[in-house]
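Spelled out from the first residue to the last, the chains are:
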Amino acid sequence: MSRSAVTADDLARCVRLAVAVLREVPEDSWRAKAGSLEWDRWETVEHLSDDLFAYAVQLSPAAPALDGLVPFVWQPRREGGPYNAVHADPDAGPEGLLQTLEATAALLVAMVRTASPQMRSHHTFGRSDPEGFAAMGIVETLVHTHDVTDGLGLAWTPPAELCSRVLDRLFPEAPAATDPWPVLLWSTGRADLPGRPRPVTWRWDGTPPG
């Protein structure tokens, strides 16, 4: 069967949906632990913004790096915190934090739209193309929004077709199911599936198909 490509429009839609639900996070909950992560909710969104920034810049140089990251300085703000090049100003509050997410997502959307489909650039999980980086950005957005909203009673069930497209692109060996969202959570170590305990370690395959 033919696979539906992951697009810049998919990424833009995903981030819009995520920002909408993240605006519902109570202000006093941002510094509480995010789901099963060791980071708090604020740090998790900073990390997500940083992921999208990192993917955008990997596609930006005239000769993309094939063996490493573009050499920005990634560092944590505290021991055990995420290694980020992007840090939101705490004084800007949650709305400022979400602006950083929208801004870095827009950078990645723009690069996916304009980069040659033949371009390849480094990622730890395999050299990838613009479509692959779009899919990675979507997975990061979907699962980290899940981490942030976990335990808050906020509804976060992404569109099934979006989950299916990124599963097909990055997790082609994932089990088939009528509801791909639990499969994506299972594939990223965040949920059990019937008869399948959650993976202890996991990774996607970013290399282009074929």
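Everything below is about the structure printed above this text.
All of the points below concern the structure found in this document.

Calculation notes
In this numbering scheme, every chain counts its residues from 1 along its sequence in written order. Where totals are concerned, whole chains, interfaces and linings use all residues; where local detail is concerned, this predicted model gives features only for residues with pLDDT of at least 70, and gives and counts side-chain atom pairs only at 80 or more. Note that the side-chain values use all heavy atoms of the structure and ignore hydrogens as well as water. A run of DSSP states H or I qualifies as a helix once it reaches four residues; a run of E qualifies as a strand once it reaches two. Both are numbered from the N-terminal end. By definition, residues are in contact when any of their heavy atoms lie within 4.5 Å. Buried Ala, Val, Leu, Ile, Met, Phe, Trp, Tyr and Cys residues that are joined via side-chain atoms within 4.5 Å together make up what is termed a nonpolar core. Whether a residue is buried, partly exposed or exposed follows from its accessible area with a 1.4 Å probe, protein chains only, as a fraction of its type maximum: under 20%, in between, or over 50%, in that order. Note on definitions: salt bridges are taken to be side-chain nitrogens of Lys or Arg within 4 Å of carboxyl oxygens of Asp or Glu. For a helix, the expected span equals 1.5 Å multiplied by the number of residues minus one. N or O atoms within 3.5 Å of each other form a polar contact, as long as, within protein, one can give a hydrogen and the other can take it, and as long as residues adjacent in sequence are counted only when both atoms are side-chain atoms. Here is the rule: rings of Phe, Tyr and Trp (six-membered ring for Trp) pair when centre to centre is within 6.5 Å. Planes less than 30 degrees apart are stacked, more than 60 are edge-to-face, and the remainder are tilted. Note on geometry: a ring has a charge over it if NZ (lysine) or CZ (arginine) is within 6 Å of the ring centre and within 35 degrees of the ring normal.

Here Asp 205 lies in the segment after helix H6 (180-187). Discounting chain neighbours no more than four positions away, the residues touching Asp 205 are Phe 125, Arg 169 and Leu 170.

Now for the nonpolar core. Ranked by size, the top nonpolar core spans 55 residues in total, and within it Leu 101, Leu 108, Leu 142 and Leu 184 carry the most contacts. Contributing elements (two or more residues each) for this core: helix H1 (8-22), helix H2 (41-58), helix H3 (93-114), helix H4 (130-149), helix H5 (160-170) and H6.

Going through the model one piece at a time under the given rule, you end up with 13 salt bridges. In this structure, the salt-bridge partner of Arg 78 is Glu 43, at a minimum N-O distance of 2.6 Å. Pair noted here: Arg 78 is in the loop between H2 and H3 and Glu 43 is in helix H2, with a separation of 35 residues, a long-range link. With relative accessibility at 35%, the residue Arg 78 sits in the partly exposed group.

For H1, which comprises 15 residues, the first-to-last C-alpha distance of 21 Å matches the rise-based estimate of 21 Å (1.5 Å per residue) to within 8%. When H1 is considered as a whole, its buried residues turn out to be Ala 8, Asp 10, Leu 11, Ala 12, Cys 14, Val 15, Ala 18, Val 19, Val 21 and Leu 22. Between the side-chain oxygen at the start of H1 and the backbone nitrogen of Asp 9 there is a gap of 3.3 Å, and the oxygen is on Thr 7.

Quick look at the packing of aromatic side chains now. One pass over the full model with this rule turns up seven aromatic pairs. With 6.0 Å between their ring centres and 80° between their planes, Phe 72 and Trp 74 make a pair best called edge-to-face. According to the relative accessible area criterion, Phe 72 is partly exposed, its value standing at 40%. Between Phe 125 and Trp 204 the ring centres are 5.3 Å apart and the planes differ by 85°, which places this aromatic pair in the edge-to-face class. Linking Phe 125 in the loop between H3 and H4 with Trp 204 in the segment after H6, this pair joins segments that are 79 residues apart in sequence. Trp 204 carries the same exposure label as Phe 125, and that label is buried. Each residue in the set Phe 125, Phe 171, Trp 202 and Trp 204 is aromatic and connected to the rest through ring pairs, giving one cluster. Here Arg 196 stacks its cationic end above the ring of Trp 186, 5.8 Å away from the centre of that ring.

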